[in-house]
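Structural description and commentary
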Amino acid sequence: MSTDYLPADLVVDQARLRVRANLDHARAVADMLRAGRIDWLAAFNLITDRETELNTVCWALEALLDGAGLSAWVERVAELRVSGLAALQALQRVLREQHLFDGPTARRGT
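Residues numbered from 1 in each chain as written. Predicted model: local features only at pLDDT ≥ 70, side-chain atom pairs only at ≥ 80, totals over all residues. Heavy atoms only, no water.

Concerning the overall build of the chain
Defined as follows: Numbering of helices and strands runs from the N terminus; a helix is a DSSP stretch of H or I covering at least four residues, while a strand is a stretch of E covering at least two. Any residue under 20% of the maximum accessible area for its type is buried, any over 50% is exposed, and the rest in between are partly exposed; the area is computed with a 1.4 Å probe on protein chains only. Here, two residues are considered to be in contact whenever any of their heavy atoms come within 4.5 Å of each other.
The secondary structure content of the chain amounts to 4 helices and 0 strands. When the helices and strands of the chain are listed from N to C terminus, the series reads α-α-α-α. A total of 110 residues make up the chain; the buried ones form 34% of that total. The long-range fraction of contacts in the chain, counting pairs at least 24 apart against all pairs at least 6 apart in sequence, stands at 74%.

Some thoughts on the nonpolar core
When a protein is soluble and globular, its nonpolar side chains tend to lie buried together. Basically, it comes down to this: Residues enter a nonpolar core if they are buried and are Ala, Val, Leu, Ile, Met, Phe, Trp, Tyr or Cys, with the set joined through side-chain atoms within 4.5 Å.
Of all hydrophobic cores here, the largest spans 26 residues; its most connected members are Ile 47, Leu 65, Val 77 and Leu 95. For this core, the secondary-structure elements that each account for two or more residues are α1 (8–34), α2 (40–67) and α3 (71–102). At 10 residues, the largest contribution of residues to this core is made by α1. Beyond its immediate chain neighbours, meaning those up to four positions away, Ile 47 contacts Ala 26, Val 29, Leu 88, Leu 91, Gln 92 and Leu 95.

Side note on the side chain of Glu 53
Here is the rule: Whenever two N or O atoms come within 3.5 Å, that pair is a polar contact, provided that in protein one can donate a hydrogen and the other can accept it, and provided that, for residues adjacent in sequence, both atoms are side-chain atoms.
Note that Glu 53 resides in helix α2. A polar contact is formed between the side chain of Glu 53 and the side chain of Asn 22, at a distance of 2.5 Å. Once residues lying within four places of it in the same chain are set aside, the contact partners of Glu 53 are Arg 18 and Asn 22.

Considerations on the pattern of salt bridges
How we decide: When a carboxyl oxygen of Asp or Glu is within 4 Å of a side-chain nitrogen of Lys or Arg, the pair counts as a salt bridge.
All told, the structure shown has 5 salt bridges when counted by the stated rule. The salt bridge involving Arg 81 is made with Glu 62; its shortest N-O contact spans 2.8 Å. Taken together, the residues span a long stretch of sequence, with Arg 81 in helix α3 and Glu 62 in helix α2 at a distance of 19 residues.

A short note on α1
Basically, it comes down to this: The span one expects for a helix is its residue count, reduced by one, times 1.5 Å.
Across its 27 residues, α1 extends 39 Å between first and last C-alpha, which sits within 8% of the 39 Å expected from 1.5 Å per residue. Backbone geometry just after α1 places Gly 36 at a positive phi near 80°.

Describing the packing of aromatic side chains
Rules: Note on aromatic pairs: the rings of Phe, Tyr and Trp (six-membered ring only in Trp) are paired at centre separations within 6.5 Å, and the planes decide the class, stacked below 30 degrees, edge-to-face beyond 60, tilted for the rest. The criterion is that NZ of a Lys, or CZ of an Arg, lies within 6 Å of the ring centre and within 35 degrees of the ring normal, and then a charge sits over that ring.
Inspection of the entire model under this criterion finds 1 aromatic pair. Positioned above the aromatic ring of Trp 73 is the side chain of Arg 76, whose terminal nitrogen or guanidinium carbon lies 4.2 Å from the ring centre.

Details of the packing of α1 against α2
As a reminder of what qualifies: Inter-axis angles, ranging from 0 to 180 degrees, are taken between N-to-C directions of lines fitted to C-alpha atoms, where helices are fitted over the stretch in contact. Here the angle decides the label: under 35 degrees means roughly parallel, over 145 means roughly antiparallel, 65 to 115 means roughly perpendicular, and every other value means oblique. Each residue gets one of three labels, nonpolar for Ala, Val, Leu, Ile, Met, Phe, Trp, Tyr, Cys and Pro, charged for Asp, Glu, Lys and Arg, and polar for the others, Gly among them.
Orientation of α1 relative to α2, taken along the N-to-C sense of each, is 180°, at an axis distance of 9 Å. Accordingly, the angle class assigned to the pair α1 and α2 is roughly antiparallel. Residues Ala 8, Val 11, Gln 14, Ala 15, Arg 18, Val 19, Asn 22, His 25, Ala 26, Val 29 and Leu 33 of α1 lie in contact with α2, whose contacting residues are Trp 40, Ala 43, Leu 46, Ile 47, Arg 50, Glu 53, Leu 54, Val 57, Cys 58, Leu 61, Leu 64 and Leu 65. Here the contact of α1 with α2 is composed, by residue class, of 17 nonpolar, 3 polar and 3 charged.

Structural data, given as structure tokens:
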């Protein structure tokens, strides 16, 4: 693939969209947990999957930009990745605390 012209702004926009999609998916998982449709372990695993997907996509985009010599744009994608991961981890922390303090009845969804 030729990297004579790489629309770096579009690559960063793609990273932004992917981060947003992963956060939206994780919030939907949290809503399913709160509604009792899934248990805490399933929610934890689904959100962890979002972290993995976010890392994979952003690392690929960072490598693409780096290969094209666009280091300033690499930093933008890296910042999106880090902030997205922080938001996912904060959501997991909140869900874990709710799970631990709601008691066994809430954990079973009954």
